[in-house]
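Geometric and topological summary
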Amino acid sequence: MTSKKNILFLPGDGIGPEVSAEAEKVLVHISELHHIDLDISKMLIGGIAIDQEGSPISKETIEIAKKADAIFLGGVGGPKWDALKPSLKPEKGLLKLRSELDLFANLRPSMSFQGLEDSSSLKKEIIESLDILIVRELTGGIYFGNPREMNAESAFNTMIYSTNEVERIAEVAFEAAMKRNKKICSVDKANVLEVSEFWRKIMIKVSKKYPEVILEHMLVDNAAMQLVQNPKQFDVIVSSNLFGDILSDISSVLSGSIGMLPSASLNSASKGLYEPVHGTAPDIAGKSIANPLASILSIGMMFKYSFSQENISIKIENAVKKVISDGYVTKDIAVNNSKVVSTQEMGDLIIANLN
Ligand code: NAD
């Protein structure tokens, strides 16, 4: 028996509670199979927290999150709260959680699944067997840099990175590359921006600690083009907050459906916030048709990155692959001849294939 794992679930809004329930079901089941003792707590975040507690995340929730070993988040936001001031919106809850826990490293794998190639907008041969990982710096760069201002005549933001900020994201990317194909592409705009020149220098410095890993650099405009033209050339991509935001969204459509993509946001102690890449899908909320696989795969990432149990992560991934290749899908990824199942039935199928 391994030590007790303290997991906080933040189901959130829209389809968040539906996909969280399936993620929890799989977490509980796999923990029983592997004799892992769990302590699961649940709190509110986002719009539902605004409605019931008066703010998008309460101090109590932040404190529980700080004590948890890992956190799962369903999603936040929806039209009901769109008219609120930016500082009071549901998204503020997520941003606060990321900054309070210093979750600076966002990991987004993008892979193709056998049987789902036809749901991608790219040709089958371009995405077949695709498996890339985007490592995005999440708490620095132009989204947070000061000074920032907008007045009647002009507006500006500041893209700034310190040595420590670049070093720590580089370390995460190199460590990930060591567990994969030992190849990193660092994406920047070093031909124009000093901040990118600095980023590149530090990437090279950190690479000396990892002689087995091949480091290459690519300008962000070229990287965007290469991602859709020949995505399989990449293994790990590391980038700043702004560039990583754009590249990870491009990579998210490669595999066909946003409903399939998990993510992890980690701090330096490998505490992680695990969440599907998709949002709260208000258009399908409450209909039991949401795809829970991104959430279930996020539980797989939890075992890999926060609990160093990659065997369990692989087991979950294999169960997802098996269910898809058996032809079972949710509505969003249905193609001809697929057997369409509900959110809950998909969770049950994954469990059946974990045994
Ligand atoms: P979305 O990802 O919620 O939905 C985009 C489209 O994909 C919709 O047609 C939706 O039905 C579909 N979709 C998404 N997830 C799906 C799933 N699991 N299964 C089946 N279909 C799925 O993006 P959006 O419509 O731009 O945003 C809706 C709300 O979600 C907004 O309030 C937005 O701010 C919020 N949002 C939250 C997060 C987050 O919490 N991390 C991320 C993105 C968007």
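By convention here, each chain's residues receive numbers from 1 onward along its written sequence. Only residues with pLDDT of at least 70 are given local features in this predicted model, and only at 80 or more are side-chain atom pairs given and counted; all residues enter the totals for whole chains, interfaces and linings. Side-chain descriptors were evaluated using all non-hydrogen atoms of the structure, hydrogens and water having been removed beforehand.

Comments concerning the pattern of salt bridges
To keep it simple, the criterion reads: Definition used for salt bridges: Asp or Glu carboxyl oxygen within 4 Å of a side-chain nitrogen of Lys or Arg. Numbering goes from the N terminus for both helices and strands, where a helix is a DSSP run of H or I of at least four residues and a strand is a run of E of at least two. When accessible area is computed with a 1.4 Å probe and restricted to protein chains, residues below 20% of their type maximum are described as buried, those above 50% as exposed, and intermediate ones as partly exposed.
For the structure shown, the criterion picks out 19 salt bridges. Measuring nitrogen to oxygen at the nearest pair gives 3.0 Å for the salt bridge that ties Lys42 to Glu24. Placement of the pair is Lys42 in strand β2 (residues 36-42) and Glu24 in helix α1 (residues 16-33), with a sequence separation of 18 residues. Given the relative accessible area of 19%, Glu24 is considered buried.

Details of the domain arrangement of the chain
Applied cut-off: The source of the domain bounds is an automatic or database domain assignment. Residue contacts are counted whenever heavy atoms from the two residues lie within 4.5 Å of one another. Buried area: the sum, over both parts, of the accessible surface (1.4 Å probe) that disappears when the two are put together. Pairs of N or O atoms are called polar contacts if they sit within 3.5 Å, as long as, within protein, a hydrogen donor faces a hydrogen acceptor (for residues adjacent in sequence, only side-chain-to-side-chain pairs).
For the chain, the assigned domains are domain 1 (1-111 + 258-355) and domain 2 (121-255). Summarising the inter-unit geometry, the C-alpha centres of domain 1 and domain 2 are found 24 Å apart. Taken together, the 15 residues of domain 1 in the interface contact 19 residues of domain 2. The junction of domain 1 with domain 2 conceals about 1800 Å² of combined surface from both sides, 56% of it contributed by carbon and sulfur atoms. On the domain 1 side of the interface with domain 2, the three residues burying the most area are Phe104, Arg108 and Ser110, jointly 40% of the side's total. Counting the contacts that link domain 1 with domain 2 gives two salt bridges. Note that Arg108 and Asp249 form a salt bridge whose closest N and O atoms lie 3.3 Å from each other. Counting across the interface, domain 1 meets domain 2 through eight residue pairs in polar contact (both at pLDDT 80 or more). Take the side of domain 1 that touches domain 2: its biggest share by element is seven residues, from strand β4 (residues 105-111).

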